[in-house]
Every structure is written in structure tokens, then in C-alpha cells.
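Structural description and commentary
The chain contents come next:
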Amino acid sequence: MRLKLNVKRILGDLAGASLRVFPAETAHDLGMFLLKHRLARFLPRPADTLEVPHDLDLHMRIPGLGDLVHPIGLAAGFDKNAIALRGFEDLQFSFLEVGTVTPLAQPGNPKPRMFRSRSEYSLINRMGFNNDGHRAVYDRVEGSPLRIPVGVNLGKNKQTLTEHAISDYLKGLIHFKNLGSYIVINISSPNTPGLRELANPEFIRRLKSEIEMQVPELLKKIWIKLDPDLPRKEFIALIETITEERFAGLILSNTHRVTWPEAGGMSGHILSHLSSERLTWAYEVHRGALPMIGSGGVMSGIDVFHKLARGASAVQIYTALVYRGPWAVLHMLEEFKAEMLLHGYTRASDVVGCHYRD
Ligand SMILES: Cc1cc2nc3c(=O)[nH]c(=O)nc-3n(C[C@H](O)[C@H](O)[C@H](O)COP(=O)(O)O)c2cc1C
């Protein structure tokens, strides 16, 4: 019995490892092809190797996002164009985020633009919002009936001047207003010139007043995704404004800007501490009033526990899927349950913010 269980685990791990013999973006495209055709359904599912009791309550109810069966979702950028949503549902994610989508389709930066740093379980990317544009992504999301919440992550086109960026976001809000469980304003990717300059209180206030005039019903489901590189003072001022203006929540964080060994945004293990610290900085301001999603270096169930402990109600993963293979979510849930038990919790929702209480 034990041998059979381990073989299943090895098969899943091999499926991930075999893709890593290809350059990073080729491996990603191959993985997306497999997911689009829902081939993960034929991959043996790993059994619960840690043998943790199943009666733990992993359910999360997040205002402005929805009800989740557990706290692990897919981060933006993996399925930018919504081509494999059912495939990601097969991988047992509890919610998905498509995009970043821009009003018009655009090719992104020249390749190569995605790199692995294996020793650090990290990636560097400078994709530059390659995507099929609002219309195509809308049609695909609409055509994919799912049981789990889906969010749409919005950006601006490269050729849109930073001073006109607000109009690209409004186009997105209007286009997607009847679709999806939540919407993300992405002002945090490092690979679109001028985008991070939008992460300031003035832009947030302008955005809020435009939303109130044009799509007021959306405010309660609009999340703001921030970068981890803002200095503390600016970051705190921004969180104060986002809290005051009553957006739905925060996604913390996007990638960390680097220039070496490649220029771009770094994700994965090496980002973990930096992005968790941003959860703490934000919590200091809103004291739990604003829901947060933890993104950045969630590589294991222990990382899930720590993001929740620092105030996140859910996490999103990207890089872990690359290094831990197709069953990353199932492996991480087992580890998360073990960590919950170790700390004496039986409900995941009780873990949220425990770092500030215990
Ligand atoms: C190749 C790649 C492309 C990404 N594209 C986007 C994107 O289009 N929009 C976005 O908001 N974040 C994007 N991200 C950032 C992820 O959504 C996530 O916030 C970040 O990678 C940290 O999570 P991780 O450490 O689990 O990878 C991208 C990340 C990677 C590695």
C-alpha cells in the first residue's frame, strides 16, 4: 500500500520535473497545453502522505471574493488569457485569477523573458503583459463554467501614457463588470514602464471617484495589488488611502524588482520574507479591517500558515507550481493541515491574524 502511494506521488512530481528540462517559457507553454486539454485528470492524484486527519475546516469566507473550500488560489500571470481554467480547477485550486489583461492585445517583451533560479526556488520574469486583450479574455471566462471564484486582473497597455492609465483601468472595469467574482487593479508589475508610479494615494483617490461615477456597484469587489519595493512611508500612506476609500482588499505582493542576474521581477522562495513583511505593514494600518491575499514565495503549507498568521485570508501561488509540479496544491494542503495541528488550530479561518494575537 505504502509503495503504491509513493509511486503516485513520484508520478506527479515527475510530470513537473520533466517540464523543467525545457527553457522556462517553453515549459510554461507546454504545461498550459496539457492543462487546456485537461490532461491532469489522468495523472494519478497523490494520496495523503502525511496522514493528517481530514476533519479540519479549511473553508474561508472572504468578503469581496467569495467562499473558498480552502485558502490556496492561482496567482495572476499563469493563465493570463483564460485558456485553461477548467484545467486549473482540476489541480484543486480554490480560486483562480486571470490576466493581467489590457484593453488591446499586446505581444509583451522580446524573448527570452522568463528565467529559473533553481537554487533559490525562484523565477525572474519580464513578460511585459503579453495578453490577448479584454474582448478575447472576456469570451473565454464567460465560456468556462467553473465551481470556484474567478478574478480578473487588469493592467494598462504599454503604449498608454502613464497619465492616461486610469482610462485603461476603467475600460477594464466596465468591460468585466458583470463577469467574475472579483477584479484586481494591478499597479505593481515591474515590467511595464510607469506602472508602479501609479501606486500613490492620489491615483487611488482618482480611481475611487471614477468608479463611483461609472461603476459604483463594483467597489466592494475591487482589490489592489501592490509591489513589495515601495519604501515603508509611501506604502503606509497608500494603505491608509486604500482603507479609507473602501476598496475590497489588498493583494500583497507582486514580484520584487531585480536587475541581476536578469532584469525583471523576482518571485518564489526568495520573495517570501519581503512580501510577508508587507502584510504586517498593512495590518499595522488597517488592523484586520481590510481583507488581504498573500502572494509571494508561498512554496509549502508552512508558508500558507505564515501568510494567514500575518493577516492574509487566502494565498496565491505561481512559482510553487513550477517547482512542486501539478499537485502542488494538494501537497501544500497536507502540509498546511499538519502545521495547523501543530499550532493547535482546527479551523483555517482562526489562523488569520494569529501572529498579532498570540
Ligand atoms: C512569469 C510570471 C508572470 C507573471 N505575470 C503577472 C501578471 O500578469 N500580473 C500580475 O499581477 N502578476 C503577475 N505575476 C506575479 C504573480 O502573480 C505573483 O504575484 C508573484 O509571482 C509572487 O508569487 P509566487 O512567489 O508564488 O510566484 C507573474 C509572475 C510570474 C513568475
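Note: the structure precedes this text.
Residues numbered from 1 in each chain as written. Predicted model: local features only at pLDDT ≥ 70, side-chain atom pairs only at ≥ 80, totals over all residues. Heavy atoms only, no water.

**Digging into the sheet that holds strand S4 (residues 96–101)**
Pairing within the open sheet is parallel, and its 8 strands lie in the order S3-S14-S13-S10-S9-S8-S7-S4. Of all the strands in the sheet, the pair left with one neighbour each is strand S3 (72–74) and S4. On average, each strand axis in the sheet is inclined to that of its neighbour by 25 degrees, with strand direction left out of account. Taken together, the 3 bridges between S3 and strand S14 (residues 314–317) define a ladder with parallel strand orientation. Within S14, the position partnered with glycine 73 by the bridge is glutamine 316. Across the sheet, helix H9 (residues 301–309) touches S3, strand S13 (292–295) and S14, and the angle it forms with S14 is around 135 degrees. (Pairing = 2+ DSSP bridges. Helix = DSSP H or I, 4+ residues; strand = E, 2+ residues; numbered from the N terminus. Axes fitted to C-alpha atoms, helices over the stretch in contact; angles between N-to-C directions. Contact = heavy atoms within 4.5 Å.)

**Focus on helix H2 (residues 24–36)**
With 13 residues, H2 should reach 18 Å at 1.5 Å per residue; the first-to-last C-alpha distance of 18 Å fits that figure. Residues of H2 that are buried include every one of Ala24, Glu25, Ala27, His28, Gly31, Met32 and Leu35, and no others. The buried side chains of H2 occupy one side of the element, clustering within an arc of 155 degrees when seen end-on. Among the residues trailing H2, arginine 38 stands out with phi positive, at a value near 55 degrees. (Expected span 1.5 Å × (residues − 1). Buried < 20%, exposed > 50% of the residue type's maximum accessible area, 1.4 Å probe, protein only. Arc of directions from axis to C-beta.)

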